[in-house]
Amino acid sequence: RLICPPGVEVEEFIGNQSRNKSPNIVSLAAFNESQTVAVRLSIAKRLKQNNPLAVFQVALLYTNNACQRRLRVHTTAVPWASNLRSVYDGADSTAVAVLLAKMAANRCLTVSVEESLKMTFETCKRVVGNFRQLLSDKHRGGVSMPQSLAVLPLYCSAVQKLAMFDPSDSRDDRASCLQYIYQLPSTMCLKLIYPHLYQLDTLSDEHGQPVASGLEYFPPRLHATRKSVQSSGLYLLDTGLSLVVWVGEMLSHRVILDLFDVVTFPEIPSVQIGFPKVSSKLSARICTFLSQLQSHRSFKLPILVIREDNPVASTFYRSLVDDLSQFTQSYPDFLKKLK
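Residues numbered from 1 in each chain as written. Predicted model: local features only at pLDDT ≥ 70, side-chain atom pairs only at ≥ 80, totals over all residues. Heavy atoms only, no water.

Draft legend 1. Region of the structure containing the packing of helix 2 (residues 93-108) against helix 3 (residues 113-134). Relative to each other, helix 2 and helix 3 sit at 150°, their axes nearing to 9 Å. By the angle class used here, helix 2 and helix 3 are roughly antiparallel. Both helix 2 and helix 3 take part in a crossing whose hand is right-handed. Contacts from Leu100, Ala104, Arg107 and Cys108 in helix 2 reach Ser116, Met119, Thr120 and Thr123 in helix 3. Considering only residue class, the contact of helix 2 with helix 3 consists of 4 nonpolar, 3 polar and 1 charged. (Axes fitted to C-alpha atoms, helices over the stretch in contact; angles between N-to-C directions. Helix = DSSP H or I, 4+ residues; strand = E, 2+ residues; numbered from the N terminus. Parallel < 35°, antiparallel > 145°, perpendicular 65-115°, else oblique. Left-handed = near helix turned anticlockwise from the far one by under 90°. Contact = heavy atoms within 4.5 Å. Nonpolar A, V, L, I, M, F, W, Y, C, P; charged D, E, K, R; others polar.)

Draft legend 2. Structural context of the nonpolar core. Ranked by size, the top nonpolar core spans 54 residues in total, and within it Leu162, Met164, Phe165, Ile181, Ile193 and Phe316 carry the most contacts. Here this core takes 7 residues from helix 2, the largest share from any one element. Residues within four places of Ile193 in sequence aside, it is in contact with Ala97, Val98, Ala101, Tyr155, Ala158, Val159, Leu162, Ile181 and Val321. Listed in part, the 26 residues of the second largest apolar core include Leu200, Ile256, Val262 and Val305. (Core = buried A, V, L, I, M, F, W, Y, C linked by side-chain atoms within 4.5 Å. Buried < 20%, exposed > 50% of the residue type's maximum accessible area, 1.4 Å probe, protein only.)

Draft legend 3. Molecular detail of unusual backbone geometry. In this structure, Cys67 is a non-glycine residue whose phi angle is positive, near 60°. With respect to the helices and strands, Cys67 occurs in the loop between strand 6 (53-63) and strand 7 (69-79). The backbone of Asp261 shows a phi angle near 60°, a positive value even though the residue is not glycine. By the element assignment, Asp261 lies in the loop between helix 7 (253-260) and strand 11 (271-273). Its relative accessible area of 54% is what places Asp261 among the exposed residues.

Draft legend 4. Quick look at the sheet that holds strand 10 (residues 243-247). Pairing is mixed in the open sheet, where 5 strands are placed in the order 8-9-10-12-11. Of all strands in the sheet, those with a lone pairing partner are strand 8 (196-199) and strand 11, marking the two edges. Averaged over all adjacent pairs, the angle separating strand axes in this sheet is 20°, with direction ignored. By the bridge criterion, 5 bridges tie strand 9 (residues 234-238) to strand 10 in an arrangement that is antiparallel. Its bridge partner lying in strand 10, Asp238 is registered against Leu243. Along the sheet, helix 8 (residues 281-295) contacts strand 8, strand 9, strand 10 and strand 12 (303-307); its crossing angle with strand 9, the most-contacted strand, is approximately 5°. (Pairing = 2+ DSSP bridges.)

And the structure:
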């Protein structure tokens, strides 16, 4: 049950659940700490001016694995604003992008894929257009967005390339993608939308190690495009559901020996599950980095090592969502349509 402040109503619950007679109650077949439920709210009447916070309360009634009934209650207070610019400046691009993906998944069940894609694009276009109206005339050129939502067009373009929209994918793959979008937590869902691409053969000793702030020092992320991938390199693609290591055909013999304990590229297995552990500094760096990535997940991700010349590498290329695909446009073309 979701309890909203006066003036706010539940418009829609987004996800795999059944609605009850009450508009603010849903029933879930199963639920765990890694799942999320998205809610779309509407403001029915003006909020109280003397209270700068809107308080929401969520109550979850469930049966644990010991067959005991439990009630867990979460209360949160969020600021509200009547100024549209304040709403834009305080927006969370990750939350907005994941919500748009979940809304698109919901539409796939009631309208055609084409209509769902069109609605996603039109929503992004309205967000950009409304912000443009807040700017002065000299700043209205191009696709202008506040710093908080600077990457939202990039994520909206990537949402349109999800497997659930791809007619070339099997029904099982499309249904699986839809369920993952419904249930994954925001951080993992975002990686499913826009995978993280890293170059591994240039890792230093500091990468993957904790720093003073308590966080890990990660290597720079690359744009998810074929232009970022060179045959002379070794790359990692984090899709949120798997870690894919791509081995370039022109990778140096020294790196091949340090990582795979063989001398030439053809000696590397064309497909390998798990990353090999070899007694070398570079291998230790990569294994440390992979371990750090795994430590941030609620379950361990499979690691797949593929060679550039293997047909399986096509799955790697398909996840480079900035590029033009058979059924969708590239990110630069997407931006041109937003202007």
